[in-house]
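Spelled out, the chains give:
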Amino acid sequence: ELSEYAENLFKQLPLTAKDVSALMGETEDLTVQSILVDYVQSNAGSIGASPGAVALASLLFERLSFHASSAREDRDSSDYMAQSILLALGKLFEQRDTESEKLKLSEKKIRGWVEILLEILEKSTTTFRSRSAAISLLAALCDWYPKPVIPSLIPAVVSSINVLGK
């Protein structure tokens with residue numbers, strides 16, 4: 001199919017984190033955002049190692065927060081975007097192999113990201129797949145940044161159990 005060919009061709013472009021951030025910052029179109037998030041997920045290793053990786057991660061967390069808390073008419077699209085962003089962020093942080101590849105982040109920024117993930121886990125409307133991706137992302141963050149993340153793991157697990165138990 002032509003659209004599948006075009007998508008695969010796009011995923012092979014040598015974009016950096018700065019390029020993706022610039023493209024994502026220029027649009028509110030969910031289709032374009034979805035394509036860019038898929039690009040990040042498919043190219044997480046090179047994107048995470050390129051200039052602007054921290055800024056891109058921050059932008060993705062901003063978009064995640066928006067889509068996860070959105071009360072838009074098109075709730076399914078926002079849920080899908082939130083789930084896609086969670087998976088892309090998870091890939092970005094899971095691709096790290098050595099301490100030298102660790103993104104340089106402040107504890108305040110990491111705690112802010114953890115709060116977004118906890119809010120997602122506390123919502124009863126969060127899908128199981130998004131909940132699973134949020135927990136996986138918390139675990140990946142914990143692996144690299146244990147000091148600011150570990151205190152959030154017990155509330156995350158308790159929150160998930162409470163929501164799933166209802």
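All of the points below concern the structure found in this document. (Residues numbered from 1 in each chain as written. Predicted model: local features only at pLDDT ≥ 70, side-chain atom pairs only at ≥ 80, totals over all residues. Heavy atoms only, no water.)

1. Comments concerning helix α8 (residues 128–144)
Here α8 is 17 residues long and its end C-alpha atoms lie 25 Å apart, about the 24 Å a rise of 1.5 Å per residue gives. For α8, every residue scored as buried is listed here: S130, R131, A133, A134, L137, L138, A140, L141, C142 and W144. (Helix = DSSP H or I, 4+ residues; strand = E, 2+ residues; numbered from the N terminus. Expected span 1.5 Å × (residues − 1). Buried < 20%, exposed > 50% of the residue type's maximum accessible area, 1.4 Å probe, protein only.)

2. Thoughts on the side chain of S34
Counting through the fold element by element, S34 comes out in helix α3 (residues 30–42). In contact with S34, other than residues within four places in its own chain, are Y80 and M81. (Contact = heavy atoms within 4.5 Å.)

3. What about the nonpolar core?
Generally speaking, a soluble globular protein has its nonpolar side chains buried in company with each other. Core analysis: the biggest nonpolar cluster contains 47 residues, and L60, F61, L64, L89, F93 and L117 have the highest contact counts within it. Elements with a contribution of two residues or more to this core: α2 (17–25), α3, α4 (44–49), α5 (53–69), α6 (75–94), α7 (107–122), α8 and α9 (146–165). Excluding anything up to four places from it in sequence, L117 contacts F61, L64, L86, A134, L137, L138 and L141. (Core = buried A, V, L, I, M, F, W, Y, C linked by side-chain atoms within 4.5 Å.)

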